Amino acid sequence: MLKTTQKLELHYYFNDNSHSMNALVRNECEKEILLIFKELITSLEIDVDIESEAFLEGGLKEWWKLIGKNAPQITLLLAVLTIYLSQHPVENKELVNLQIENLKLDNEIKQNELKKIGKELKSEEEVTDELVQKVLEKINYDYKLLWYKSNFYKKLNLYQKVNKISTQKLDENNNPIGNEKTVLRNEFSKFVIFDKFEIE
């Protein structure tokens, strides 16, 4: 069983001692993370609101608090997202139209499976590492999520000031839960999908 959590921290580490970031870059990156949140919330059919909290110094830390009635669902969502953002895409090569069409069909099947997981999740004891891995396996080929994550890292890769990022689950008092997931600058390009396709 994973410890219940409601918050996710995204920490940008800079190559200087500053605590500021270009606002346009930060907002563009935040948009991609929120699109990933939205897609996962829809896929798992979780009734939740996302609030942004004031951030602290130390690089730049962005906090999102999830507010909903089902704590196990929120815990699962944050556990999946924390790992997903630091996980390299299964394949990082050009995607052709046929592959995308197959992904769309496959995604429909996986969406139904994810909805079932989200609906049936009732207790904290059900949120295990195995369940998190099961969800990750189902979303690893989701073309929308891959594209949003690719956009996030593409923007960071162009912004030289960020030398690494990390994601961390937090408890209500902003204490870390579990291990921080870190991605170094030299890994950013591994997340970028080079073929251009439109997200519907």
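This is a predicted model, so every value here is computed, not measured.

Chemist: Could you clarify how one ought to interpret the environment of E124 in this entry?
Modeler: When you line up the elements, E124 lands in the loop between α3 (97-120) and α4 (129-139). Taking the relative accessible area as the measure of exposure, E124 reaches 35% and is therefore partly exposed. Sequence spacing of E124 and T4 is 120 residues, and the spatial spacing of their C-alpha atoms is 7.0 Å. Non-local contacts of E124, meaning those with residues more than four positions away in its chain, are made with M1, T4 and P72. A polar side-chain atom of E124 sits 3.0 Å from a polar atom in the side chain of T4.

Chemist: What exactly am I supposed to notice about the sheet that holds strand β5 (residues 176-184) here?
Modeler: Strands sit in the order β2-β3-β1-β4-β5 across an open sheet of 5 strands; the sheet is antiparallel. The sheet is open, and its two borders are formed by β2 (48-53) and β5, each paired with just one other strand. Taken over all neighbouring pairs, the strand axes of this sheet differ in orientation by 20° on average, direction set aside. The pairing of strand β4 (residues 162-170) with β5 spans 6 bridges and is classified as antiparallel. Bridge pairing in β5 places T167 opposite K181.

Chemist: Could you clarify how one ought to interpret the packing of aromatic side chains in this entry?
Modeler: Each aromatic ring pair is described using two quantities: the centre-to-centre distance and the angle formed by the ring planes. Taken as a whole and assessed by the stated rule, the structure comprises 4 aromatic pairs. Between F152 and Y153, the aromatic rings sit 5.0 Å apart at their centres with planes inclined by 85°, giving edge-to-face as the arrangement. Just as F152 is buried, Y153 falls in that class too. Ring-pair connections join several aromatic residues into one group, and the members of that group are F152, Y153, F188 and F191.

Basis of the calculations
All residue numbers refer to positions counted from 1 along the written sequence of the respective chain. Given that this is a predicted model, residues contribute local features only at a pLDDT of at least 70 and side-chain atom pairs are listed and counted only at 80 or more, while totals for whole chains, interfaces and linings are drawn from all residues. Only heavy atoms go into the side-chain values, all of them from the structure, while hydrogens and water stay out. Only runs of H or I of at least four residues qualify as helices and only runs of E of at least two qualify as strands under DSSP, and these elements are numbered from the N terminus. Buried means the residue's accessible area, taken with a 1.4 Å probe over protein chains only, is under 20% of the maximum for its type, while exposed means over 50%, and partly exposed covers the values in between. Contacts between residues were defined by any pair of non-hydrogen atoms, one from each residue, lying within 4.5 Å. Side-chain atoms alone can form a polar contact between residues adjacent in sequence; in general such a contact is a pair of N or O atoms within 3.5 Å, and within protein one must be able to donate a hydrogen while the other accepts it. DSSP-based pairing: two strands are paired if at least 2 bridges between them are found. Every angle, taken between N-to-C directions, lies between 0 and 180 degrees, and every axis is a line fitted to C-alpha atoms, over only the stretch in contact when it is a helix. Stacked, tilted and edge-to-face are the three classes assigned to paired rings of Phe, Tyr and Trp, where Trp is represented by its six-membered ring and a pair needs centres within 6.5 Å; plane angles under 30 degrees give stacked, over 60 edge-to-face, the rest tilted.

Shape descriptors only; they carry no functional weight alone.
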